[in-house]
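The lines below spell out each chain.
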Amino acid sequence: MPKSATDKRHFIIAAALVAVTTVLMDILLKAVLPLPIQASLEALTIDALIGWHLSLIAFLFSLIVVFMLYSIVVFRKRPGDNSDGEHFEGNTTLEIIWTVVPLIAVIIFAFYGINTLAEVTRSEPNEVVVKVNGFQWGWSFEYDGVLSPEMVIPVDQRVRLEMNTRDVIHSFWIPEMRVKQDLVPGQETILRFTPIVTGEYTLACAELCGRSHWSMLAPVRVVSASEFDQWLAQRRAEQNPALVQAGPDTE
Amino acid sequence: MSAATAHAVAAAHAGHHGDHHAPAVDNYKEQLRNNRLGLWLFFISETFLFGGLLAVRFFLWGDHRPELDQFIGLLVTSVLLLSSFTMNLAEKGMEHGDMKTFSRGLLATAVLGTIFLLGVLVFEWGLFPAIYQGHLTPWDNVYGAVVFAMTGMHALHVLSGIVFIFIVWRLGRQGHYTPQRHWGVEACAIYWHFVDLVWIFFYPALYLIGTPVH
Amino acid sequence: MSLMSLGLVRGLIGQALGTLAGLFLVTLIRVLAGMDPIWAEEPAWVTGAVLGVIGFLIGVGALTDWAKWTVGIPTPLHHGPPVGKPAWVRYFSVDYNHKVIGIQYGVTGLLMLMIGGAFAVIFRTELSRTGLQFLSADTYNTLLSMHGWAALMAILLGIGGMANYLVPLMLGAEDMAFPRLNAFAYWLNVPSIVLLMTSLFFGWDGGWTVYPPLSVIGSVGYQFVFYSIFTLGLSSVLGSLNLIATILRMRPPGMTLFRMPIFCWAILATSMIQLTATQLIGLAFLMVSFERLLGMGFFDFEKGGTPILFQHLFWFYSHPAVYIFVLPGLGIISEILPVFARKPLFGYRWIALSSLAIALVGFLVWGHHMFTSGYAEYLRVPFMLATLLVAVPTGVKFFSWLGTIWGGRLTFPTPMLFVLGAISVFLIGGLSGPILATVASDLHLHDSYFVVGHFHATIFGGFTFPFFAAIYYWYPKITGRMYNEAMGKLHFWIMTPAFWMMSIGQMSVGVMGMRRRIADYDPALGVEFGHILVTIAGFAIAFSILIMIYNLLHSAEVGKVAGANPWRSRSPEWQIPSPVPEHSFAAPIAVVGEPYDYGLPNSTYIRMAGAAGDD
Ligand code: HEA
Ligand code: HEA
Ligand code: CUA
Ligand SMILES: [Cu+2]
């Protein structure tokens, strides 16, 4: 082992260890933090962002912990050695480097974050509009006058939720879709996403809203466009039989 | 928070006795500097309280305001401003050992402060409808709510200031202060000016800025 | 000796009487005014709560001196143990010595940590399986909310303990700038705790964030929480005012700001936040309280208000508050590392100034808790930018710590283990911050257990681990005896792995879709295994803390005598006898060198007048 703490060899060994641990940490992190299936376009975008974050975490965590463990092992006091450590009080160049480099890193992530945000909140001309109403403790959905206790939406089309509540704050979250938005009394909030995988999901309220917050759930079905039209027509007919004669109104 | 008196009294108190007993600081001048710093730190803290109320006002009202009685607003504001002068007289009186000016100044300040309070409580709040019917209630809408919150919090400070004035006035008459050592008087005066200053920000926010709504 | 000679007992009686007086007063007024019904719980309990706090302060004697002053009776500052009573009585009564007050804060803090932790292990037991086993949904919500506030109270008290005990000693000062105010600020906390505990009996379910409208329509228990936290906040304001004044004014000759022990910088930065931001949570809670009492519609959309306003006011305090929690802990890390590395603190100025930078930037980021709240969309990006910026000064601390241990002669007694543990734990907590800060990723993670994992890691790394390190490190200074090293290490080696399991487990279930603040969860999420691990870890942490408590109590009697300076530290408090005498410094000190010049021969930090100087 090199004697002086500023010997290059220390840094080379530590750097090699950092590289190895970064890879291991990256794998490990992604294994212990399994995201739900990617059922929307937003999930793809957001998961990519989360993935980059996790890699950055893997690197920074390894960087600091490896250097720390290295010091612990290599620079521990040996029995019988009563001397003090080497005397250096700081190094301005180093301080500037580890201020500026993280600054650049966060600026890069900020840019990336802004782009992702713009991507997941963008609007499209032909959006399927669902009016969502949250209440203590349940959900109801309205499609242009048609009411439904479950949310049914067509796959591959952008959905725009217009959300309202009258009692307390609730929050709309389908983990597989990744996006979330609070419902605020006295104000309409908007949430958009584009489902890409048909199937059944659960909508859950994510904002503490009282006793049965935990069970404020609603079924969500993502179906093909034709199934959706069919379902909507059927609901409409059930709620207003007079309309059946006039033929299904597609929209 | 409204431990205004508690702290101001505390700071004043430390000064009063620091000269003889506090072993932490053996010299009156040192303790005086501590006290001044303490009081100013307290004002910084209070600034966030009143700043928060102003922020609430602008958040909820934007560029609107309720219709308040402009005459009363102007009147109580002038009264309060005037009270800062009398307070200053009192302090100067103490500095020059002029006990007469000291106690008259303090009493005048307390009277003006009380007029201010009455103006707010009787007229703006309409606490005594027999005398004057108020325009707003705290529960009807945010206009009333914010007016009551801002004037209420400020009135609480004026009230504690008046209590403080009476304590200092009594102690002064009992001969607890000298022209050289009268931190209690100084603290009371600065506190009063501070409460006054707050109103200088509250008055336009309540009465002048924005278009009136009905 | 009668029980009544304990200030605490008198205070509690005072609080009970004050509360009764409040109930009576309101009822009397209603009777006289002919109001119907005669019993109105809301105003009665609020008046009771407020008068109860005043009753406590009168009973305990925290107002006595000031009351005497108002009528001109001289009140000499009594310094020393009570006359004619056993010495321990002073810890249960008003005492102006900062060391006594520091211990009072610290012990109360530990107690609250145990109470808050006990709530956690109870509701964790419920969560270990799906289905509601032994808690109702209401009880779950109450316990969870109580856990949040009890634990946060524990932090503020713990910080108060460290700051009050250490800052004057580190400055070589006789006491704080305002000893009476110091005692007053401490004693505010006790009625505050009583109020919080009372709220348990009424039940309240808002979580620690108590967002309206939920907190407006909930039980009267909320009012107790509001006034409890208001009282706690008042204590924060006055305590921090005192600390700032002490640090700015009571330094010995030669101790420039950049020659203070680094912990004082951390406390300075923390106190600046506490002094100012605290007002906003006080205001917010008062506003909800009055919305409940009088129907003032600040947060009621039907009256033109909005619940979002509350969130702004709340987070304007509560975000900076999280930096209140960590800055002192990070200061402890910076303080202890050089001692056990036998090397100077790397980049002292950078570390000192990074605390200020964190504190200042911390004021501009509160909106990152509100990305999904429905506030104006254009606010999201600036809050994201400001939030990410905080990573930079925090990083400076980490890298400087590495610089400090690199090339040292490291030894690993319990305090050092906790410090190293703190660094690794706070690292994972801090690093899980930016992922929440880039808005889009937060849309998934917000209000999930990922956030729960994030803040347990930051709080444990930034407060709990350093707090324990501080307890072990200064234990010999406080008691004059050494703690039991084997038990200390056992505590560390149980708590650290358990903590990792808990925090990573929380993050893991959160990413999978586990929501916060739910009494039960869907088995289909596949998170049950994770929850079992978290629960086991919670119990293991609780067990390890019990070991520490035993160690601290036991070693105070049988521990080996420590001597003045067992860690060979250069800091002023270690140059005087252990336990610290009533008047800490026999003679005034002067600073003649740098605080952390370990490894530099013949360097001196402080010199005591008359004495031969230090190491
Ligand atoms: C002790 C407390 C503490 C601390 C220190 C922090 C630190 C940080 N926190 Fe945390 N946070 C909480 C306590 C804390 N937090 C709590 C209690 C909540 C939940 C409240 C509730 O809802 O109940 C919360 C919630 C919370 C949210 C909201 C989540 C949500 O509800 O959706 C966000 C979002 O941005 C966030 C971000 C951050 C960031 C960016 C930091 C940063 O300060 C972290 C900075 C540190 C590092 C980044 C690591 C070291 C740095 C380096 C090694 C340099 C290089 C780094 C990079 C280039 C990235 N926190
Ligand atoms: C200091 C801060 C602190 C500490 C130490 C802890 C410690 C723990 N916390 Fe908590 N936690 C918070 C602060 C803290 N927490 C906050 C602010 C929230 C948010 C609340 C909200 O959403 O509103 C939260 C929320 C929270 C949740 C989310 C609940 C939900 O959203 O539904 C969970 C779930 O796992 C949890 C678990 C734990 C566990 C297992 C511990 C363990 O580490 C506990 C270990 C045990 C002890 C420390 C006690 C030790 C001693 C004993 C048990 C002895 C017996 C006691 C007596 C004799 C009195 N905490
Ligand atoms: Cu609705 Cu939670
Ligand atoms: Cu925050």
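Residues numbered from 1 in each chain as written. Chains lettered and ligands numbered in written order. Predicted model: local features only at pLDDT ≥ 70, side-chain atom pairs only at ≥ 80, totals over all residues. Heavy atoms only, no water.

1. Considerations on the coordination of the iron atom of ligand 1
Residues and elements named next belong to chain C. Inspection of the coordination sphere of the iron atom of ligand 1 shows a single protein donor, His454 (NE2), at 2.1 Å. Between the iron atom of ligand 1 and the copper ion (ligand 4) the interatomic distance comes to 4.4 Å. Along the chain, His454 turns up in helix H16 (residues 449-479). (Donors = N, O, S within 2.8 Å, 3.2 Å for Na, K, Ca; no water. Helix = DSSP H or I, 4+ residues; strand = E, 2+ residues; numbered from the N terminus.)

2. Considerations on the confidence of the model for chain B
Parts of the model with low pLDDT should not have their predicted coordinates read in detail. Residue and element names in this part refer to chain B. Confidence in the prediction of chain B, expressed as mean pLDDT, is 86, and 87% of residues score 70 or more. Of the regions scoring below 50 in pLDDT, residues 1-25 engages in 80 contacts with residues more than four places distant in sequence or in other chains. Predicted as a complex, the structure gets a pTM of 0.93 and an ipTM equal to 0.92. (pLDDT = per-residue confidence, 0-100. Contact = heavy atoms within 4.5 Å.)

3. Looking at the site of ligand 2
All names here are of chain C. The immediate surroundings of ligand 2 are formed by 32 residues, with Arg124, Tyr140, His147, His456 and Arg517 found nearest. Take Trp208: an N or O atom from its main chain is 2.7 Å from an oxygen atom of ligand 2. Among the secondary structure elements, those contributing two or more residues to the shell around ligand 2 are helix H4 (98-127), helix H5 (137-170), H16, helix H17 (485-512) and helix H18 (528-558). (Near = heavy atom within 4 Å. Polar contact = N/O pair within 3.5 Å; in protein donor to acceptor, adjacent residues only side chain to side chain.)

4. Thoughts on the nonpolar core
Ranked by internal contacts, the top residues of the largest apolar core, which has 360 residues, are Tyr143 and Phe172 of chain A. Considering every element that reaches this core, the biggest residue donor is helix H10 (residues 307-341) of chain C, with 22 residues. Setting aside anything within four residues of it in sequence, one finds Tyr143 of chain A in contact with Val129, Val130, Ser148, Glu150, Met151, Val152, Ile153, Phe228, Trp231, Leu232 and Arg236 of chain A. (Core = buried A, V, L, I, M, F, W, Y, C linked by side-chain atoms within 4.5 Å. Buried < 20%, exposed > 50% of the residue type's maximum accessible area, 1.4 Å probe, protein only.)

5. Examining the pairing of strand S6 (residues 170-173) of chain A
Residue and element names in this part refer to chain A. Of the two faces of S6, the one lined by His170 and Phe172 and the one lined by Ser171 and Trp173 are each fully buried. In the sheet, S6 pairs with strand S7 (residues 180-183) via four bridges, with the strands oriented antiparallel. Note on S7: the bridge partner recorded for His170 is Leu183. Counting the residues between successive antiparallel strands, the hairpin from S6 to S7 contains six residues, one of them, Arg178, with a positive phi of roughly 75°. (Pairing = 2+ DSSP bridges.)

6. Some thoughts on the site of ligand 1
Trp208, Tyr323, Asp442, His446 and His454 of chain C are the nearest of the 34 residues found near ligand 1. The residues that come close to ligand 1 belong to more than one chain, namely chains A and C. In this structure, Arg516 of chain C approaches ligand 1 through a side-chain N or O atom, which is 2.8 Å from an oxygen atom. Elements represented by at least two residues in the shell around ligand 1 include exactly helix H2 (41-74) and helix H3 (92-121) of chain A together with H10, helix H12 (380-405), helix H13 (414-431), helix H14 (434-437) and H16 of chain C. Residue contributions to the shell around ligand 1 peak at six residues, all from H12 of chain C. Each residue belonging to the shell around ligand 1 can be placed in one class, and the counts come to 22 nonpolar, ten polar and two charged. (Nonpolar A, V, L, I, M, F, W, Y, C, P; charged D, E, K, R; others polar.)

7. Observations concerning the packing of helix H3 (residues 70-95) of chain B against helix H4 (residues 99-124) of chain B
Working note: a packed helix pair is described by the angle between its axes plus the distance between those axes. All names here are of chain B. The contact between H3 and H4 brings their axes to 7 Å, and the two run at 160°. What the angle tells us is that H3 and H4 run roughly antiparallel. The handedness of the crossing between H3 and H4 comes out as left-handed. Tallied by class, residues from the contact of H3 with H4 come to 17 nonpolar, eight polar and one charged. (Axes fitted to C-alpha atoms, helices over the stretch in contact; angles between N-to-C directions. Parallel < 35°, antiparallel > 145°, perpendicular 65-115°, else oblique. Left-handed = near helix turned anticlockwise from the far one by under 90°.)

8. Topic: the sheet that holds strand S5 (residues 159-165) of chain A
All names here are of chain A. The five strands lie next to each other as S3-S2-S1-S5-S8, forming an open sheet whose pairing is mixed. Both edges of this open sheet fall to strand S3 (146-148) and strand S8 (189-193), since each of them pairs with a single strand only. Sheet twist, expressed as the average angle between the axes of neighbouring strands with direction ignored, equals 25°. Bridging between strand S2 (residues 138-143) and S3 involves three bridges; their strand directions are antiparallel. Within S3, the residue paired with Glu142 across the bridge is Leu147.

9. Observations concerning the interface of chain A and chain C
At the junction of the two partners, chain A supplies 83 residues and chain C supplies 93 residues. Considering only the surface of chain A that becomes buried against chain C, Trp98, Leu208 and Trp214 of chain A emerge as the three largest contributors, covering 9% of it. Across the chain A-chain C interface, the total number found is three salt bridges. In this structure, the salt-bridge partner of Asp138 of chain C is Arg211 of chain A, at a minimum N-O distance of 2.7 Å. Applying the counting rule to chain A against chain C returns 19 residue pairs in polar contact (both at pLDDT 80 or more). Among the elements that make up the side of chain A that touches chain C, the one with the highest residue count is H3 of chain A (17 residues). Taken together, the residues of the side of chain A that touches chain C break down into 48 nonpolar, 21 polar and 14 charged. (Buried area = accessible area lost by both parts, 1.4 Å probe. Salt bridge = Lys/Arg side-chain N within 4 Å of Asp/Glu carboxyl O.)

10. Points about the sheet that holds strand S10 (residues 217-223) of chain A
By definition, the strands of a sheet pair up through backbone hydrogen bonds, in either a parallel or an antiparallel sense. Residues and elements named next belong to chain A. Read across the open sheet, the five strands follow the order S4-S10-S9-S6-S7; overall the sheet is mixed. Whereas interior strands pair on both sides, the edge strands pair on one side only; in this sheet they are strand S4 (151-154) and S7. Averaged over neighbouring strand pairs, the angle between their axes works out to 25° when direction is ignored. Across the sheet, helix H4 (residues 225-239) lies against S4 and S10, angled at about 140° from S4, the strand it touches most.

11. Here's the deal with the environment of Asn182 of chain C
Within the element layout of this structure, Asn182 of chain C appears in helix H6 (residues 179-202). As for Asn182 of chain C and Leu214 of chain C, which are separated by 32 residues in sequence, their C-alpha atoms are 36 Å apart.

12. Re the interface of chain C and chain B
With 53 residues of chain C at the contact, the number on the chain B side is 53 residues. Here chain C packs against chain B, burying approximately 4,200 Å² in sum over the two surfaces, 77% of which is carbon and sulfur. When the buried area of chain C at its contact with chain B is split by residue, Trp69, Arg249 and Gln279 of chain C rank highest and sum to 20% of it. Counting across the chain C and chain B interface gives one salt bridge. Between Glu30 of chain B and Arg249 of chain C there is a salt bridge, with the nearest N and O atoms lying 3.3 Å from each other. Summed over the shared surface of chain C and chain B, the number is six residue pairs in polar contact (both at pLDDT 80 or more). For the side of chain C that touches chain B, a count of residues per class yields 32 nonpolar, 15 polar and six charged.

13. Details of the coordination of the iron atom of ligand 2
Residues and elements named next belong to chain C. With distances of 2.0 Å, the protein atoms coordinating the iron atom of ligand 2 are His147 (NE2) and His456 (NE2). Classification of the site at the iron atom of ligand 2 rests on its six donor atoms, whose angles at the metal span 83 to 178°, yielding the label octahedral. Of this pair, His147 sits in helix H5 while His456 sits in helix H16, and the two are 309 residues apart along the sequence. Each member of the pair His147 and His456 is classed as buried. (Tetrahedral: all angles 85-135°; square planar, octahedral: opposite > 155°, others 65-115°.)

14. Some details on helix H1 (residues 8-32) of chain A
Residues and elements named next belong to chain A. Taking 1.5 Å of rise per residue, 25 residues should cover 36 Å, and H1 covers 35 Å from first to last C-alpha, within 8% of that figure. Buried residues of H1: His10, Ala14, Val18, Thr22, Met25, Asp26 and Leu29, and no others. Against H2 lie the buried residues of H1. The opening residue of H1, the one whose side-chain oxygen lies 2.8 Å from the backbone nitrogen of Arg9, is Asp7. (Expected span 1.5 Å × (residues − 1).)

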